[in-house]
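Coordinates in review
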Amino acid sequence: MNDRVVVAGAVYDQGRMLAARRSAPPELAGRWELPGGKLEPGETGEQALVRELREELGVETEPLERIPGEWPLAPGYVLRVWTARLVSGVPAPLQDHDELRWLGPGESDAVDWLDQDRPAVAEAMRRLPTGTAVTGTDSADVAPDRDAPTGPLSDGARH
């Protein structure tokens with residue numbers, strides 16, 4: 001039996017990577033992850049990633065490269081991670097998240113990552129581009145949820 005694939009994105013912008021804090025399900029709430037979701041039948045991993053980031057964060061992204069490896073999630077699910085460039089939009093926690101945070105080089109330990117995300121986060125931070133990319137938006141602003149505390153912006157299967 002093949003495992004069901006969950007895709008996640010290490011979204012890069014202006015030399016930073018986006019982290020998302022889970023609000024659901026209860027056993028994952030309060031922990032941080034790379035945002036994404038389940039691959040649907042007929043989709044490639046890249047297509048699923050673009051769709052999921054649009055649905056969860058309200059942004060358009062461009063997948064760049066897949067981080068080697070895959071990590072087990074709930075029974076029957078595996079996580080695959082891509083790096084991605086923010087193309088347009090200001091990320092907002094629209095689904096399953098209550099806070100977003102941009103992390104710069106050396107800041108990956110500033111949040112409590114879900115265990116299954118840690119290896120991919122470490123590799124994504126090693127690949128973090130330097131310099132600033134022009135996206136047409138002020139991505140220093142991440143729209144917080146109305147009820148979420150504001151902080152520094154510097155599932156089964158979980159997605």
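This text goes with the structure placed above it.
Cut-off values and rules
- Residues numbered from 1 in each chain as written.
- Predicted model: local features only at pLDDT ≥ 70, side-chain atom pairs only at ≥ 80, totals over all residues.
- Heavy atoms only, no water.
- Helix = DSSP H or I, 4+ residues; strand = E, 2+ residues; numbered from the N terminus.
- Buried < 20%, exposed > 50% of the residue type's maximum accessible area, 1.4 Å probe, protein only.
- Expected span 1.5 Å × (residues − 1).
- Contact = heavy atoms within 4.5 Å.
- Core = buried A, V, L, I, M, F, W, Y, C linked by side-chain atoms within 4.5 Å.
- Phe/Tyr/Trp six-rings, centres within 6.5 Å; stacked < 30°, edge-to-face > 60°.
- Lys NZ or Arg CZ within 6 Å of the ring centre and 35° of its normal.
- Pairing = 2+ DSSP bridges.
- Salt bridge = Lys/Arg side-chain N within 4 Å of Asp/Glu carboxyl O.

**Brief notes about the overall build of the protein chain**
If you tally the helices and strands in the protein chain, you get two helices and eight strands. Order of helices (α) and strands (β) in the protein chain, N terminus to C terminus: β-β-β-β-α-β-β-β-β-α. Counting every position in the protein chain, which comprises 159 residues, the buried fraction comes to 48%.

**Notes on helix α1 (residues 45-57)**
Between its first and last C-alpha atoms α1 spans 17 Å; for 13 residues at 1.5 Å apiece the expected length is 18 Å, and the two agree. Inspection of α1 places G45, A48, L49, V50, R51, E52, L53, E56 and L57 among the buried residues, and these make up the whole buried set. As for α1, its buried residues are in contact with β1 (4-13), β2 (16-22), β4 (36-38), β5 (60-66), β7 (77-88) and β8 (97-103). Following α1 by one or two positions, G58 has its phi on the positive side, about 70°.

**Description of the nonpolar core**
It is characteristic of soluble globular proteins that their nonpolar side chains tend to be buried jointly. In this structure, M17, L34, L79, V81 and W113 are the most contacted members of the largest nonpolar core, which totals 21 residues. Those elements that place two or more of their residues in this core are β1, β2, β7 and α2 (118-126). Counting residues in each nonpolar core, the second largest holds 16 residues, with V11, A20, A48 and L86 among its members.

**Let's talk about the packing of aromatic side chains**
The tally for this structure, following the rule as stated, stands at zero aromatic pairs. Above the face of the W82 ring, R66 is positioned so that its terminal group lies 5.7 Å from the ring centre.

**Remarks on the pairing of β1**
The element β1 is largely enclosed, with a buried count of nine among its 10 residues. Sheet topology places β1 next to β7; nine bridges connect them, and they run parallel. The residue of β7 that forms the bridge with V11 is A84. Here β1 runs beside β4; their pairing, made up of three bridges, is antiparallel. Its bridge partner lying in β4, V7 is registered against G37. When β1 meets β2, the two strands line up antiparallel, connected through two bridges. Pairing of Y12 across the sheet is with M17, part of β2. Remark: two residues form the turn of the hairpin made by β1 and β2, two consecutive strands paired antiparallel; Q14 in that turn has positive phi of roughly 50°.

**Comments concerning the pattern of salt bridges**
The full count for this structure, using the stated rule, is 18 salt bridges. In this structure, R118 engages D115 in a salt bridge whose closest nitrogen and oxygen atoms are separated by 3.6 Å. Residue classification places R118 among the partly exposed residues on the basis of a relative accessible area of 36%. Salt bridges sharing common partners tie together R31, D112, D115 and R118.

**Some details on the environment of A48**
Summarising the element assignment, A48 is placed in helix α1. Taking the C-alpha atoms as reference points, A48 and K38, separated by 10 residues in sequence, lie 7.3 Å from one another. When neighbours within four sequence positions are excluded, A48 is seen to be in contact with V7, L39 and E43.

**Things to note about the pairing of β8**
Sheet faces and side chains relate simply in a regular strand, where the side chains alternate between the two faces. In terms of burial, β8 is largely enclosed, as six of its seven residues are buried. Pairing analysis gives six bridges linking β2 to β8, with the strands arranged antiparallel. Bridging from a neighbouring strand, R22 pairs with H97 of β8.

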